[in-house]
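This is what each chain is made of:
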Amino acid sequence: MAVFNKTVISLWDLKDALIYFDNVIPIGGIVDACVQLKTPGDFWKDFCLVLGSYPEMLPPELRTTNFEDRLTGANLSMCRFLIEIAAVRRSKQESFTNSTTNELDPDLELVKQSPNALAVMQFVDDFNLSSVAVNASIDQITNDETEGSDVAITLASLKLINTKNTPWQQIIELRRDTEAREKLRRLRLFAYENYAGKPAAFIEDDILMRLADYEAAVKKWGFEAKTAAMTALLDSKLIAGGVAGSFLSAYLNSPLFAIASAAGAVGLAIGRIAVEIGRQKFALREIMAGNPVSYIAYAKEKL
């Protein structure tokens, strides 16, 4: 469980990853950190802060010169690959609008053919990172009812930290507050909690307590919050192994596979929180060597 609890590969939204995870491997996420900056002065100030804290993000066992050098190369390859994906999607969208058939295919063929994608996949394989959770932007996740898609558990109607307007210095200082960071992280981990044998009332109280602790930490640090949703995508191999999914099995007294396979999304309410269960697909699944065990996404759009 330690790898799911503490470490994440950040493909985007690096600030979010740094708030919710102890250890972060930024592949592509470092780009997101720079594009939000507005003036040259802000750029160099924040860029230096990011570089200064960069070694502290990584898991201790990966804080080596070799890994950091390879990570820099993987970041460059990921940036080029994201540009390729954007161009292909625009082309497919234009083709779809001029056609009577749906030609919007997955990005699998692009992954197989792109040297940039293959370079990132090789990096993931060389350092045995394929089982590490992934933090991705919401636009890389799409609704999908097919059998091969992942099971998605979403907590909606939350007040999450608006990291877009949060200064880098505040993010770095928060990471030094172990108690506050633990409270933020516990809300994210609800889907992994073993509630087997616990009554629904206990599960509701536990999740609401996690939310209360989260909101207390947000208030303590003076973060700006916005209405948003937190989604956990659970790979079928992860569920089959019994590592995750006990939340739904315990709450609804039904196997998670049966819930996810049901037509349409399943929803329930815990206090003022809406919990939705369905299937979604991660656009860059294949780039993580085809065997990721979980994906984490934080939806930023206003609900």
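Residues numbered from 1 in each chain as written. Predicted model: local features only at pLDDT ≥ 70, side-chain atom pairs only at ≥ 80, totals over all residues. Heavy atoms only, no water.

A.B. asks: Can you help me understand the packing of aromatic side chains in this one?
C.D. replies: The relative placement of two aromatic rings is captured by the distance of their centres and the angle of their planes. Applying the stated rule across the entire model yields five aromatic pairs. Relative to Phe127, the ring of Phe67 has its centre 4.8 Å away and its plane inclined at 90°; by these criteria the two rings are edge-to-face. Here the residue Phe67 occupies a position in helix H5 (residues 65-97), and Phe127 occupies one in the loop between helix H7 (115-126) and strand E3 (133-136), the gap between them amounting to 60 residues. Of the two residues examined, Phe67 and Phe127, each falls in the buried class. The interplanar angle of 20° and the centroid separation of 6.4 Å between the aromatic rings of Trp221 and Phe223 together place this pair among those described as stacked. (Phe/Tyr/Trp six-rings, centres within 6.5 Å; stacked < 30°, edge-to-face > 60°. Helix = DSSP H or I, 4+ residues; strand = E, 2+ residues; numbered from the N terminus. Buried < 20%, exposed > 50% of the residue type's maximum accessible area, 1.4 Å probe, protein only.)

A.B. asks: What is the right way to look at the pairing of strand E5 (residues 150-161) in this model?
C.D. replies: A regular strand places its side chains so that they alternate between the two faces of the sheet. Across the twelve residues of E5, ten count as buried, placing the element largely inside the fold. Bridge count for E5 against strand E8 (residues 273-282) is seven bridges, and the pairing is antiparallel. Residue pairing across strands places Val151 opposite Arg279, the latter belonging to E8. Bridging between E5 and strand E6 (residues 225-234) involves nine bridges; their strand directions are antiparallel. By the bridge assignment, Ala152 is partnered in E6 with Leu233. (Pairing = 2+ DSSP bridges.)

A.B. asks: Explain the pattern of salt bridges to me, please; I cannot follow it from the model alone.
C.D. replies: Proximity of charged atoms lets side chains of opposite charge pair with each other. Considering all chains together, one arrives at ten salt bridges under this definition. The residue Arg186 makes a salt bridge to Asp206 at a minimum N-O spacing of 3.9 Å. With a gap of 20 residues between them, Arg186 in helix H9 (residues 178-188) and Asp206 in helix H10 (residues 200-221) connect regions that are remote in the sequence. Classification of Arg186 by relative accessible area gives partly exposed; the value is 23%. A cluster of three or more residues bridged by salt bridges with shared partners is formed by Asp22, Arg181, Glu182 and Arg185. (Salt bridge = Lys/Arg side-chain N within 4 Å of Asp/Glu carboxyl O.)

A.B. asks: In this structure, what is going on with the packing of H9 against H10? I would like to understand it.
C.D. replies: When two helices pack together, their arrangement is given by the angle between the helix axes and the distance between those axes. At a minimum axis separation of 8 Å, H9 and H10 run at an interaxial angle of 140°. Classified by the interaxial angle, the pair formed by H9 and H10 is oblique. When the axes of H9 and H10 are compared, the crossing they make is left-handed. Contact with H9, carried on its side by Ala180, Lys183, Leu184, Arg186 and Leu187, involves Asp206, Arg210, Leu211, Asp213, Tyr214, Ala217, Val218 and Trp221 of H10 and no other residues of that element. Its residues assigned to classes, the contact of H9 with H10 shows eight nonpolar, no polar and five charged. (Axes fitted to C-alpha atoms, helices over the stretch in contact; angles between N-to-C directions. Parallel < 35°, antiparallel > 145°, perpendicular 65-115°, else oblique. Left-handed = near helix turned anticlockwise from the far one by under 90°. Contact = heavy atoms within 4.5 Å. Nonpolar A, V, L, I, M, F, W, Y, C, P; charged D, E, K, R; others polar.)

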